[in-house]
Structure formats: structure tokens, C-alpha cells
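Chain by chain, the residues run as shown.
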Amino acid sequence: MKRFLVKLLGGKEYQMLRISIFSIVLGLLAGAVILLLIGENPLAAYMNLLQGSGLLPKRSYAGKQNMFTDFVQLLDAMTPMVFASLSVAVALKGGLFNIGVSGMMMASGFVASVLVGYSSLAAPIAKPLVLLIGIVTGAFVGSLIGWLKYKFNINEVVSAIMINYILMYVITFFINSYYVDAVSRQSKLIGESARLTLVDVRAMGLKFNIPLAFVLAIIAAFVIRFLMDRTTLGYEIKAVGLSRSAASYAGINIGRNILTTMMLSGALAGLAGVTYFCGYMGTIQPGVIPSMGFNAIAVALLGNSNPVGCIFASFLITIITRGSIYMSSQQGVEIELADVITAIILIFAACSEFFRMYVSRLEQEILANSQSVE
Amino acid sequence: MIDTIIIEGLAFALPMFIMAIGGIFSEKSGITNLAIEGLQGFGAFAGAFAAVITMGMVSAGSQIPYYVSFIAAVLGGMLYALLHVMLCIRFKANQVISGVVVNMLAMALTSFLTKRINEALFGAKSDKFILDTSMRFTVPGISKIPVLGAVIKSVYPFEIIILVVAFIAWFVMYKTPYGMHLRACGDNPQAADAAGIDVYKVRTWAVIFSGGLSAIGGMSYAYSISANFSPSIYLGFGYLAIAALIFGNWSILPTFGACLLFGFARSGGQVLIQHLGMPSTYNDLVRTLPYVVTLLLLVFFSKNNRSPRALGEIYDKGKR
């Protein structure tokens, strides 16, 4: 058993990746146990998750839909999650904890909706403008948190939480006063020309919701990877993240660095906001802080704060959240069960450092044993 | 008008205070605790469940379910805190991340279980445990004193419970050997260890207490805000409690001040809206008051803020 574990998780090559996958498998197994306990068939439930997210064919489809349209829907839901988890990952690399992603998302989504979404600008201008506004708004909120941190020594977790609530209530006030849709009790749908998701596109006799920014999310992940691994800025961010005093001793300006990191993180959160509220949703629900910002923390962790890892982690978590709707309708289980499984996966992922240390201790044990035999 | 501000302000501030004390216990011992939000929710779930069960056994109007619910909440909160203990101490997880996932699980698990239990026991698909509305009492006579008398006017029983527990917590923290050990573990665990203190054990109990204390806060909100338990208990008051304790510089008395400030800013704003006869949408603007005030005050007072020195660091016996 020990040897098997060492073989599975030991060694240096892609160790963190293997450990992440190991946590996912453990989480899914624990979820299967829960499903068995409440008398459901875990295999069928997990199949439903894949079917609901367009990775396996369903038994029947509504008109103009098939597995492929479901899959495109999955990508649409996943796009903001990629940006949000990247935002958390960048801050983590810089030793900062960005719990304000939700607030930044709401702010950018709201500003973009009001300035562009309800205007009559043509699509070629409106769509890039929405992205730009998202970046600027997010970066502004992010740098505010960074500024409070280095100027006034305010813990970024606290200021971000305060700002989350302030933004949520202010935006709720404006939506309820000026932009509310009388039927849905949410903000009015934004215009098609500004929306980052092309809704109900007819092709090949099917109807698609095409996420325009998906490609951008993938590109962003690789840009962040390049920035972190190949540029001075990335090096400085990581140095500050590893040890603030050592970085300061090496001549890095800590204050400016904190500001830049939060600005970058905020810009990514802003992109998450516009792709969520002006893309996937098309509307903003007042009075609720989007849970995606908090989930993104865990997703970034599952992806080991690695930009490419974030893509895969977002993919996995989105499969569970999207697929859970179908699972709940097919099996009659509560939709919250999917969140329970997600949380369990993330709990195992939080232990990844422990797994790594445990395996390396086992490795040494085995090494010592084999030497004593000789 | 001032009476309402004081009455409602205290009813909001005291549960937050007890949650913040929970946070102080955990953080003073060196374990960052963002899990307060989940702990209070899980505690409220356990308490509300116990209340619903006992409500079926006693006659209507009985006060027994009320007190049973608080005991069950404390036990539930302590039990659930073990998860944070396990992740942070046994599995050496990043404490901030552990807090976030503990919250996520609490939210998912309690709403899942509430639906399941409601369906199994009462045959109703509901995500709520409906509680009796809490009684409130007024001390006769001296409550007639203008302004100050409002402190003892229509008081929730939980406010008394909280004050008593808070005093005990203060005593434990500052007047007992355990409290001193706890504070030592948060500032210099190596030295504490050298002095013969079992750092892991002290921290484990600190986090468990933190769970129990937070649960009292959660249960109080379940009674005072909505008179039921539902997923809407996760309004972020746990996070607000963390802000209060940081604002209070990780000490119990200044934190009490911070919580009172939150409470009065909140109730004051609401009374103002009613008084000026503004439309109810303005309530949302007023709700930002506690947060704005905190942020502004932090700007002035954070310079001297000093967290426990070993806060958030994973304690490794082998590393000196």
C-alpha cells in the first residue's frame, strides 16, 4: 500500500498535478459513499453530471439541442470561472488573499451594463468596450484594496469583505431604483450587441449560446503564465509572495508591488464579472453576492495557483455545477448534493501539501529500508 | 426613536460580539479562522434541528426548545469546528483556504440536510426549520429611565446568555493559565513548546471553543432576524465578526466596542430611513453604513494594529 502510494504520488515530475488528481478522486469516492448512504446509484449520478454538461449523450433532448450545444453551454459557464480563479491565483502568488473577487465582479458587471449594456452602441464597439470597462473597474477596486493595505496597513481580507458588502448594497440600491425588471426582479437584460455571449445562434439546425470570451480566458491563462515565469514583474510578485522582508532587502519596492498585484488580480476579476453578468447571465441579481468569487478561491487552490491548472480546475468544477441540474432532475436528489461533493473535493485539495510531505517521508522510509537490507 | 436604535442595535451587536470572541480565541492561539461564517451557520442548523424536534414533544409556548436549541447549537458548532482543527493542525492545510472550504461545506451540507430532514420527518420539501418567535422581556421599573433604560427594554433572552458567556470567555482568556498558554501559542509557539505547553492541544481546544461561541451567535440570529433556519443564515455576519475582531485589535473589550458600533450604525440607519419616510429601497444604501464606518475607522486605527505574531503559520515541532 505504501509502495503503491509512493509510486502514484512520489517523484518530482508533475507531482502537484498527480496530487491534485488524487484529491479529486478521493473527493468523488467520498461523494459516492454519500450517494450510496442515501440510497442512490453513484455511477448513475456521476453519469448524469457528465450528461448534463454535454460530455455524454442524454437520453432525450429538447428541440434544437444536443450534446454539443450542452457542451458549448458548459464553456459559457466556465469562462468567468477561469478568469476568477486566475485572479485569486495571481494574488496568492504575490502573498495576498483576494477574497474580494465577488465584489469586483459585481462592480464591473454593473458598470459595464449601465454604460454599454443599456446603450444602443453597435456590437463591434460595444463588446470590446464591455471588456475594457470590466478590466478598468476591476483593476480600480483591486488597487483600492492594495492601496489600503500598503498605505494604512489594513488587512486585505477585511477591506475586501467590507468592500464586497458596500458594493453589493450600493449596486442593489441602483438596480432596484432604476434598472429593475418588473417581472424577474433582477436587472433588465442587457442588449444583444453588448452581450459577450451570443444567445440562440442558429447553426446546423441547432441553437447555441456561444461564449465569445472563452478563447480570451484561455489566452489570459497563458499570458499570466508567461508573465509569472518569464518577466521581471512576475519574478518580483513571486519574490514578495515568498518573503516580504527578503524581497525588500533585495531592493524590490513592496508597496508598489502590492498595488500592482492587486491591480492585476482586480483586472482579471473584472473580466470574470463582465463575462458572468454581461455574458453568461445577461442580468444581475440584486441583493446577492455571487458565490463564484468565493468558489474561485478553492478552484485556484485545486489548480495549485498554476494558470493552466486553473483552466482544468474550472472545467471540473463547472462540470459538477452545470451537471448537477440534470442530476437532480434525473435522480430526484437535492441539487445541493453537488455542492457537498465539490466542497469535499476541495477539502482534500486543501490537504495537498500534507499528501506531498507524507509521500516524501514514505519515500525516505522505503529508501532507508532498502539500504539496511543491502 | 433612540430607544429603538439601542434595542435593535444591541440585538444585532451581541451575537456578533460572541462570534468575534470565538474568532479571538482561535486567532490568539495562532489559527486564522475565516470559518466563523460556516461555524455559526452549522451551529444554527444543529440548534434549529434540535428545537424543531423538541417543539414536537413539549406543549406550545414552552421555553424548553429555546434553551435546548442553544445547547445543541454549541455542541454542533464545536463538533463542526473539528473539521477546521483537522485541516489546520493534523493536515497542515493553509488556514485561510481551510476556512473558505469549511464555509463552503457548511453552506452546502446544511441546506442539503435541512431538505432531507424536512422530507423524511415532516414529509415537506422545505429548506427551512421554522422556529417559535423568541420571547422578549422588559425589566419593570428601571427600564422607564430615559435612554439608558432602553438597554433593558424588550431584551432577547439570548442577550443575557451572551453576556454571561462573554464574561466567562474574558475570564478564561486573561485570568487563567489556559488563557495565558493560548496567547503564548499565538505569539511564540516555539517558546511555549519549550516551556512544556502542548501547542497542538491548546490550539485544538481554542478552535473548538471558537466553534461553540460562534454557534451561539448563529443561533441568536436565527431567532432574532428570521425566526427560522434557512440557507439565508449565511449573510456574511461571520465575516463581519472577523472584521470587528481585527478592528478591536484581537482584544475582547475593544472588540465589544467595534460590535456596538456595527449594531448602532445599522439600527440607526434603519430608524433614520423610517423617520424620514424614504422609500424602502433606500434601506440598501443605509445597510452599507456599518461597513463604510469600519473601513474609515480602520484607515485611522490600523497603523498600530498588531496581529498575534505566529497567526496563520503552520506550527511544525521539528522546525525551530
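Check the entry above for the structure.
Keep in mind the model is a prediction, meaning the values are calculated, not measured. (Residues numbered from 1 in each chain as written. Chains lettered and ligands numbered in written order. Predicted model: local features only at pLDDT ≥ 70, side-chain atom pairs only at ≥ 80, totals over all residues. Heavy atoms only, no water.)

Caption draft 1: Representation of the overall build of chain A. The number of helices and strands found in chain A is 15 helices and 2 strands. The C-alpha atoms of chain A give a radius of gyration of 22 Å, which matches the 21 Å a tight globule of 374 residues would have. Along the longest, intermediate and shortest principal axes, the C-alpha atoms of chain A span 80 × 60 × 35 Å. The proportion of buried residues among the 374 residues of chain A is 54%. (Helix = DSSP H or I, 4+ residues; strand = E, 2+ residues; numbered from the N terminus. Rg over C-alpha atoms; globule rule 2.2 N^0.38 Å. Buried < 20%, exposed > 50% of the residue type's maximum accessible area, 1.4 Å probe, protein only.)

Caption draft 2: Just the overall build of chain B, in detail. In terms of helices and strands, chain B carries 12 helices and 2 strands. The order of helices and strands in chain B, counted from the N terminus, is α-α-α-α-β-α-α-α-α-β-α-α-α-α. Computed over its C-alpha atoms, the radius of gyration of chain B comes to 20 Å, within 12% of the 20 Å expected for a compact globule of 320 residues. Within chain B, the proportion of its 320 residues that are buried is 54%. The contacts of chain B with a sequence gap of at least 6 include a subset with a gap of at least 24, amounting to 76%. Just so you have it, chain B exposes about 13000 Å², and 68% of that area is on carbon and sulfur atoms. (Contact = heavy atoms within 4.5 Å. Areas by Shrake-Rupley, 256 points an atom, 1.4 Å probe, with all protein chains shown as cover.)

Caption draft 3: Up close: the interface of chain B and chain A. Facing 41 residues of chain B, the contacting portion of chain A comprises 43 residues. Counting every contact that joins chain B to chain A gives 2 salt bridges. The residue Arg116 of chain B makes a salt bridge to Glu334 of chain A at a minimum N-O spacing of 3.3 Å. Counting across the interface, chain B meets chain A through 3 residue pairs in polar contact (both at pLDDT 80 or more). Counting residues per element, the side of chain B that touches chain A draws most heavily on helix α4 (residues 95–122) of chain B, at 13 residues. (Salt bridge = Lys/Arg side-chain N within 4 Å of Asp/Glu carboxyl O. Polar contact = N/O pair within 3.5 Å; in protein donor to acceptor, adjacent residues only side chain to side chain.)

Caption draft 4: Local environment of the packing of aromatic side chains. Summed over all chains, the structure comprises 38 aromatic pairs over all chains. Centre to centre, the rings of Phe294 of chain A and Tyr239 of chain B are 6.0 Å apart; their planes meet at 10°, and the pair counts as stacked. Of this pair, Phe294 of chain A sits in helix α12 (residues 292–302) while Tyr239 of chain B is found in helix α9 (residues 237–247), placing the two residues in two different chains. For Phe294 of chain A, a relative accessible area of 18% translates into the label buried. A network of ring pairs unites the aromatic residues Phe110, Tyr118, Phe173, Phe174, Tyr178 and Tyr179 of chain A together with Tyr282 of chain B as a single cluster. Sitting over the ring of Phe12 of chain B, Arg266 of chain B keeps its end group 4.3 Å from the ring centre. (Phe/Tyr/Trp six-rings, centres within 6.5 Å; stacked < 30°, edge-to-face > 60°. Lys NZ or Arg CZ within 6 Å of the ring centre and 35° of its normal.)

Caption draft 5: Geometry of the layout of surface pockets. All names here are of chain A. The space that makes up the second largest pocket amounts to roughly 1800 Å³. Around the second largest pocket, the lining is made up of 49 residues, and of these Val288, Ile289, Pro290, Ser291 and Met292 lie nearest the centre. Of the residues that constitute the lining of the second largest pocket, the class distribution is 29 nonpolar, 13 polar and 7 charged. (1 Å grid on protein atoms, 1.4 Å probe; cavity = no way out; pocket = protein on both sides within 12 Å on 5 of 7 lines; lining within 4 Å. Points joined across faces, edges and corners; volume = space filled by probe spheres on them. Nonpolar A, V, L, I, M, F, W, Y, C, P; charged D, E, K, R; others polar.)

Caption draft 6: Inspection of helix α1 (residues 2–9) of chain A at higher detail. Residues and elements named next belong to chain A. By the burial criterion, the buried members of α1 are Leu5, Val6 and Leu9. For α1, the arc enclosing every buried residue in end-on projection is 100°, short of the 170-degree limit, so these residues lie on one face. In α1, the exposed residues that point more than 90 degrees away from the buried face are Arg3, Phe4 and Lys7. (Arc of directions from axis to C-beta.)

Caption draft 7: A look at the side chain of Arg195 of chain A. Residue and element names in this part refer to chain A. Structurally, the position occupied by Arg195 is in the loop between α7 (156–179) and β1 (197–203). Asp76 provides the closest opposite charge to the buried, unpaired Arg195, separated from it by 5.9 Å. Leaving out residues up to four positions away in the same chain, Arg195 has contacts with Lys127, Leu189, Ile190, Leu212, Cys278, Gly279, Tyr280, Met281 and Gly282. (Lys, Arg positive; Asp, Glu negative; His and termini not counted.)

Caption draft 8: Highlighting the environment of Ile233 of chain B. Residue and element names in this part refer to chain B. Tracing the backbone shows Ile233 in the loop between β2 (228–229) and α9. Given a relative accessible area of 9%, Ile233 falls into the buried group. Residues Ile233 and Gly41, spaced 192 residues apart in sequence, show a C-alpha to C-alpha distance of 6.2 Å.

Caption draft 9: Focus on unusual backbone geometry. Residue and element names in this part refer to chain A. Notably, Arg185 is not glycine yet its phi reads approximately 60°, a positive angle. Mapping Arg185 onto the fold places it in the loop between α7 and β1. The phi dihedral of Ser305 is positive, around 55°, even though this residue is not glycine. One can find Ser305 in the loop between α12 and α13 (307–331). Overall, Ser305 belongs to the buried group, its relative accessible area being 15%.

Caption draft 10: Just the pattern of salt bridges, in detail. Residues and elements named next belong to chain A. This model, assessed by the stated rule, comprises 6 salt bridges over all chains. Glu156 is the partner of Lys149 in a salt bridge, and the nearest nitrogen-oxygen pair spans 2.9 Å. The buried category is assigned to Lys149, whose relative accessible area is 18%. In this structure Glu156 comes out as buried when scored by relative accessible area, which is 8%.

Caption draft 11: Molecular detail of the packing of helix α2 (residues 36–55) of chain B against α4 of chain B. Residue and element names in this part refer to chain B. Put simply, α2 and α4 touch, their axes get as near as 8 Å, and they point 15° apart. Relative to α4, the element α2 lies roughly parallel. Between α2 and α4 lies a crossing of left-handed hand. Contacts from Ile36, Glu37, Gly38, Gly41, Phe42, Phe45, Phe49, Val52 and Ile53 of α2 reach α4 at Asn103, Ala106, Leu109, Thr110, Leu113, Thr114, Ile117, Leu121 and Phe122. Tallied by class, residues from the contact of α2 with α4 come to 12 nonpolar, 5 polar and 1 charged. (Axes fitted to C-alpha atoms, helices over the stretch in contact; angles between N-to-C directions. Parallel < 35°, antiparallel > 145°, perpendicular 65-115°, else oblique. Left-handed = near helix turned anticlockwise from the far one by under 90°.)

Caption draft 12: A look at the pairing of β1 of chain A. In the sheet, β1 of chain A pairs with strand β2 (residues 206–211) of chain A via 5 bridges, with the strands oriented antiparallel. By the bridge assignment for β2 of chain A, Thr197 of chain A is matched with Pro211 of chain A. (Pairing = 2+ DSSP bridges.)

Caption draft 13: Here's a closer look at the nonpolar core. Among the nonpolar cores identified, the biggest contains 205 residues, and Phe97 and Ile99 of chain A together with Met16 and Ile21 of chain B are the most heavily contacted of them. It is α7 of chain A that contributes the most residues to this core, 13 residues altogether. Aside from chain neighbours lying at most four places away, what touches Ile99 of chain A is Val157, Ala160, Ile161, Asn164, Phe294 and Ile297 of chain A together with Leu34 and Tyr239 of chain B. (Core = buried A, V, L, I, M, F, W, Y, C linked by side-chain atoms within 4.5 Å.)

Everything listed here is a matter of coordinates, which is why it stays silent on function.
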